[in-house]
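Chain by chain, the residues run as shown.
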Amino acid sequence: MPISHSQSEDNPVIRSGQQHGPTVVRLAAGFQRFQKRWYCKENNLYIELAEGQNPLVLVIACSDSRVDPVLLTDSSPGDLFVIRNVANIVPPYAPDRNYHGVSAALEYAVRCLKVPDIIVMGHAECGGVQSLLDKTQPQHDEFLSIWMQVIHRARDLVNQRLPNAAPDERRRACEMWGIRVSMENLLTFPWIRQATEKGQLRLHGWYFDLRKGELSQWNEANDEFIPIVTPCAPL
């Protein structure tokens, strides 16, 4: 989106006198709009948030640029504690001396912030899941293939149950199974399992169909994802 002359005069990036590309200028202008909304005298939310956070829920989502959980749920600053990675994966509990970014964030959200709900939110058209399914693609990456092996069981289940299905159906099924595998991995963390057993923590699996604009939730009793927000009516 081009920035007008009047906009550029108010843009802090331009006022700084440094040369920046259009992307940086656009993002700085976006921060300015955020600033006016949340730091204004009438509604300075960050006066309260600066004292600490008390998020409503932990959301584990994909890094995909199309599926920002804050935007998708129309949430405000402070509402969501968010973990994002390729394919919204939760690795199993592994208390060793290695680096565990997802596990560290889980521990902080559950044991320190005491979030009452965790949502694992997957989505349609996931490139990470596609890479897991695509046997013909040579694996020259350093990290992605190893990371995706955390949910290899989702691929195995698709291969067992849908060996001859169309590629789109197989990917969709693998995306949904990936959510369920991550939910199962959450319960390998003893302090998550204990909190769920005591009724202090609830786990949810969500699937966002970005083509339809539909949101579904995993229903354990029915053993399927059931729409909780249906697509908009066609125009």
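Note that the structure is a prediction, hence the values are computed from the model and not measured.

1. As for the overall build of the chain
Then step 1. For the chain, the count of helices and strands is eleven helices and six strands.
Then step 2. Taken over 235 residues, the chain has a buried fraction of 38%.
Then step 3. A separation threshold of at least 6 residues defines the contact pool for the chain, and within that pool the share at least 24 residues apart is 58%.
Then step 4. Carbon and sulfur atoms form 53% of the exposed surface of the chain, whose accessible area is close to 14,700 Å².

2. Some remarks on the confidence of the model for the chain
Then step 1. For the chain, per-residue confidence averages 92 on the pLDDT scale, and residues scoring 70 or more make up 89% of the total.
Then step 2. Here residues 1-6 is a poorly scored stretch, pLDDT under 50, and it has seven contacts once near neighbours within four places are set aside; other chains count.

3. Focus: unusual backbone geometry
Then step 1. One non-glycine residue, N88, lies in positive phi territory at about 45 degrees.
Then step 2. Of note in this structure, D223 is not a glycine but carries a positive phi near 60 degrees.
Then step 3. The topology assignment puts D223 in the loop between β5 (214-219) and β6 (224-229).

4. A look at the sheet that holds strand β2 (residues 80-85)
Then step 1. What the six strands build is an open sheet, ordered β2-β1-β3-β4-β5-β6; its pairing is mixed. Edge strands, defined here as strands with exactly one partner in the open sheet, are β2 and β6. Averaged over all pairs of adjacent strands, the angle between strand axes in this sheet comes to 30 degrees, irrespective of strand direction.
Then step 2. The pairing of strand β3 (residues 117-123) with strand β4 (residues 202-209) spans seven bridges and is classified as parallel. Bridge assignment links I118 to a residue of β4, and that residue is L203.
Then step 3. Here helix α10 (residues 167-186) sits on the sheet and contacts β1 (57-62), β3, β4, β5 and β6; the angle it forms with β4, its principal contact strand, is near 165 degrees.

5. Side note on the pattern of salt bridges
Then step 1. Under the defined criterion, the tally for this structure stands at twelve salt bridges.
Then step 2. In this structure, R202 and D117 form a salt bridge, with 2.8 Å as the shortest nitrogen-oxygen distance. With R202 in strand β4 and D117 in strand β3, the pair connects residues that are 85 residues apart, well separated along the chain.
Then step 3. With its nearest N and O atoms 2.9 Å apart, the salt bridge here joins E125 to R211. Of this pair, E125 sits in the loop between β3 and α7 (127-133) while R211 is found in the loop between β4 and β5, placing the two residues 86 residues apart along the sequence.
Then step 4. Judged by relative accessible area, which is 22%, E125 ranks as partly exposed.
Then step 5. Each of E125, D168, R171, E175 and R211 takes part in salt bridges that share partners, so that together they form one network.

Reading the values: the criteria
Residues numbered from 1 in each chain as written. Predicted model: local features only at pLDDT ≥ 70, side-chain atom pairs only at ≥ 80, totals over all residues. Heavy atoms only, no water. Helix = DSSP H or I, 4+ residues; strand = E, 2+ residues; numbered from the N terminus. Buried < 20%, exposed > 50% of the residue type's maximum accessible area, 1.4 Å probe, protein only. Contact = heavy atoms within 4.5 Å. Areas by Shrake-Rupley, 256 points an atom, 1.4 Å probe, with all protein chains shown as cover. pLDDT = per-residue confidence, 0-100. Pairing = 2+ DSSP bridges. Axes fitted to C-alpha atoms, helices over the stretch in contact; angles between N-to-C directions. Salt bridge = Lys/Arg side-chain N within 4 Å of Asp/Glu carboxyl O.

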